[in-house]
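Here are the chains, one letter per residue:
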Amino acid sequence: MNSKPGVDVQFLPSCLFCLSGAMEDVTGAQLVAEALKAQKVDYMFGVVGIPVMEVAMAAQAAGIKYVGMRNEQAACYAASAVGYLTGRPGACLVVSGPGLIHALGGMANANMNCWPVVVIGGSSDQKLETTGAFQEFPQAVRTSLYGRPGACYVDIAGDMVNATVDRSRVRFASCCPPPPVSLADHGAITEAISVLKAAKRPLVIIGKGAAYGRAETALREFVEMSGLPYLPTPMGKGVLPDDHPNCVAAARSRALLQADVVLLLGARLNWILHFGIPPRFDPHVKIIQVDLCAEEMGNNVRPAVALLGDINAIVTQALALQSTGLMNYYTVFHHVSQLLPHDCIIVSEGANTMDIGRTMLNNYLPRQRLDAGTFGTMGVGLGFAIAAAALEKSENRGRRVVCVEGDSAFGFSGMEVETMCRYNLPVIIIVVNNNGIYSGVDLETWKEMAKMGDLTSIAPPVTLLPEARYDEVMAAFGGEGFLVRTVEELCEALQLSLRNWERPSLLNVLIEPSSDRKQQEFPWLTRSNL
């Protein structure tokens, strides 16, 4: 009988006897205990009896903590929970017959939860093998940990427990190392990031697989860098805090129903997640599935992207790709909003820049927001910022003036940075630069278009010069200029600028040229059905 179909298994004690050397008799029970200890099995739960009582005693002598339970099923639950919490299997010690039968419920639970556990059971004497004696169920520690973790059973013949052998004849296996870490295909990671970026209502679902994979550090960085909302499953809770601003557990049903893209991290689309189908989910939802087990891919819902491998490693891959790739509007505004002082005066203009900033950049006091206003005039931003900074300087109130501009809007009055430098007005200008009006093209595309002929006939009317160095315009007049491509550079440049009261600064924040505002259900700013 084999708890993991298709896996070649070995009888644990069979690797223990051989070689030669000095005389020292040890029992089979001692060797089992020492082999478990060598595999970093530190806890044993069980119900003792003949022939396994000596195994429990030997386990204690080897430094393994033994907890005597009242039922084998509970013992197996406890041992599997240790496997989940520590990453190394707990041991469950049972007698033959009913003892093993009782433990089977715990083994099944461990398999379904993908938790490593080693169940050790006493059996009949070896001489009774093939005579209708109790069944064997031979497996080992490596099998419980590698691939999809689960339950393993080691069958110990009764006469082996107290039999002795010269220790010099024993070959001890080295400690089974942690499971090999598997990465997803780079192309699949890139595709997954593209699907997430195109989403209007993305959602991350964090399962217990992320907890078992110790993915909390990388996952927190990924969520906070991307600004993605997340929903934990019951046993995924705590991987990221329930009180984190990105946690949408309080609106679980609405989040599941409205998500158009779901990043599924170590969770299964089973009954707990309503099988991933309507009415709980959008019928057109795209699933990005991350799992260690290939058999789990596409269960109930076919994934748009399947990422097979270790959860922590794959999140780290995605994080690296996010860090090296350009940001979008929402990433920029998320991190800017975290750093701005509550009493700062915010000036904002641009199309997407101003619209997104109206909801993502918060104000806490009256008369501290200036933007294009009723007339929607472009070019007002730097004049407004100069006025606000001059008032703050004369009245010595100590509030910062932060001017958030689209690259197109900045171009209307960009030379006013010279005015700021001339009068030492410490305005912080953040240019959210997507190389165009609404959208642009990247530098390589621009170069290819230039080879094709006259750009006045080829370049889309919305494009501006890619990667224009607005930061150098500020530096040319004596201010501080920062070229920003990553979240880290954005946060560092903004923190430096907030500490600098001596002169103005400009952050030229390069974002994805195709970055756009999320589609609005009611485009009331530009359309009317009256």
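Conventions used here
- Residues numbered from 1 in each chain as written.
- Predicted model: local features only at pLDDT ≥ 70, side-chain atom pairs only at ≥ 80, totals over all residues.
- Heavy atoms only, no water.
- Core = buried A, V, L, I, M, F, W, Y, C linked by side-chain atoms within 4.5 Å.
- Buried < 20%, exposed > 50% of the residue type's maximum accessible area, 1.4 Å probe, protein only.
- Contact = heavy atoms within 4.5 Å.
- Pairing = 2+ DSSP bridges.
- Helix = DSSP H or I, 4+ residues; strand = E, 2+ residues; numbered from the N terminus.
- Right-handed = clockwise from strand over helix to strand, strands pointing away.
- Phe/Tyr/Trp six-rings, centres within 6.5 Å; stacked < 30°, edge-to-face > 60°.
- Patch = residues over 30% accessible without salt bridge, like charges linked within 9 Å, V, L, I, M, F, W, Y side chains within 5 Å.
- Areas by Shrake-Rupley, 256 points an atom, 1.4 Å probe, with all protein chains shown as cover.
- Salt bridge = Lys/Arg side-chain N within 4 Å of Asp/Glu carboxyl O.
- Lys, Arg positive; Asp, Glu negative; His and termini not counted.
- Charge placed at Lys NZ, Arg CZ, Asp CG, Glu CD.
- Polar contact = N/O pair within 3.5 Å; in protein donor to acceptor, adjacent residues only side chain to side chain.
- Axes fitted to C-alpha atoms, helices over the stretch in contact; angles between N-to-C directions.
- 1 Å grid on protein atoms, 1.4 Å probe; cavity = no way out; pocket = protein on both sides within 12 Å on 5 of 7 lines; lining within 4 Å.
- Points joined across faces, edges and corners; volume = space filled by probe spheres on them.
- Nonpolar A, V, L, I, M, F, W, Y, C, P; charged D, E, K, R; others polar.

So, the nonpolar core: which residues are in play, and what are the values?
Proteins that are soluble and globular tend to have nonpolar side chains buried together. With 90 residues, the main nonpolar core has Phe222, Ile288, Leu307, Ile430, Leu507 and Val509 as its most contacted residues. Beyond its immediate stretch of four places on either side in the chain, Leu307 contacts Ala184, Ala188, Ile189, Ala192, Ile288, Gln289, Val290, Asp291, Met297 and Ile314. Ile345, Cys403, Val427 and Val431 belong to the second-largest nonpolar core, a separate cluster that totals 21 residues.

Tell me about the pairing of strand β2 (residues 43-46), and please be specific about residues and values.
Sheet analysis places β2 next to strand β3 (residues 65-68), joined by 4 bridges and oriented parallel. Counted as the bridge partner of Gly46 is Gly68 from β3. Once you follow β2 into helix α2 (residues 53-61) and on to β3, the crossover reads as right-handed. Two elements, β2 and strand β4 (residues 90-94), share 3 bridges in a ladder whose sense is parallel. Considered in β4, the bridge of Gly46 is made with Leu93.

Can you break down the packing of aromatic side chains residue by residue, with the values?
Here the structure, examined in full by the defined rule, presents 4 aromatic pairs. Judged by centre distance (6.4 Å) and plane angle (15°), the ring pair of Tyr84 and Tyr212 falls under stacked. With a gap of 128 residues between them, Tyr84 in helix α3 (residues 72-86) and Tyr212 in helix α8 (residues 208-212) connect regions that are remote in the sequence. On the basis of relative accessible area, Tyr84 is assigned to the buried category, the value being 11%. An angle of 70° between the planes, with centres 5.3 Å apart, marks the rings of Phe410 and Tyr470 as edge-to-face. Here Phe410, found in helix α15 (residues 407-413), pairs with Tyr470, found in helix α19 (residues 470-476); they are 60 residues apart in sequence, far enough to count as distant. Given a relative accessible area of 3%, Phe410 falls into the buried group. The class of Tyr470 is buried, set by a relative accessible area of 14%. Aromatic ring contacts, followed pair by pair, group Tyr84, Trp115 and Tyr212 into a single cluster.

So what about a negative patch on the surface? Which residues, and what values?
Residues Glu221, Glu488, Glu489 and Glu492 make up a contiguous surface patch of negative charge. For the negative patch, the element with the most residues is helix α20 (residues 487-499), which contributes 3 residues. Following the sequence through the fold, Glu221 ends up in helix α9 (residues 216-226). Judged by its relative accessible area of 38%, Glu221 is partly exposed.

So what's going on with the side chain of Ser168? Residues and values would help.
With respect to the helices and strands, the residue Ser168 is situated in the loop between β7 (164-166) and α7 (186-198). Taking the relative accessible area as the measure of exposure, Ser168 reaches 13% and is therefore buried. Of the polar contacts made by the side chain of Ser168, one reaches the side chain of Asp166; its length is 2.6 Å.

For the sheet that holds β3, give the residues involved together with the corresponding values.
An order of β3-β2-β4-β5-β6 is seen for the 5 strands of this open sheet, with the pairing classed as parallel. Only two strands of the sheet have a single partner each, and these edge strands are β3 and β6 (151-157). Taking each pair of neighbouring strands and ignoring which way they run, the sheet shows an average axis angle of 25°. Against the sheet, α3 touches β2, β4 and β5 (117-123), its axis set at about 165° to β4.

Quick one: what's the story with empty space enclosed by the protein, residue by residue and with numbers?
One pass over the structure, following the stated rule, counts 1 cavity of 30 Å³ or more. Roughly 90 Å³ of internal volume is contained in the largest cavity. If you go around the largest cavity, the residues you meet are Ile189, Ala192, Ile193, Leu196, Phe222, Leu263, Leu265, Val290, Leu307, Ile314, Val315 and Ala318. Listing elements by their share of the lining of the largest cavity, those giving two or more residues are α7, β10 (261-265) and α11 (311-324). Per-element tally for the lining of the largest cavity: the top contributor is α7, with 4 residues. Residue composition of the lining of the largest cavity, by class: 12 nonpolar, no polar and no charged.

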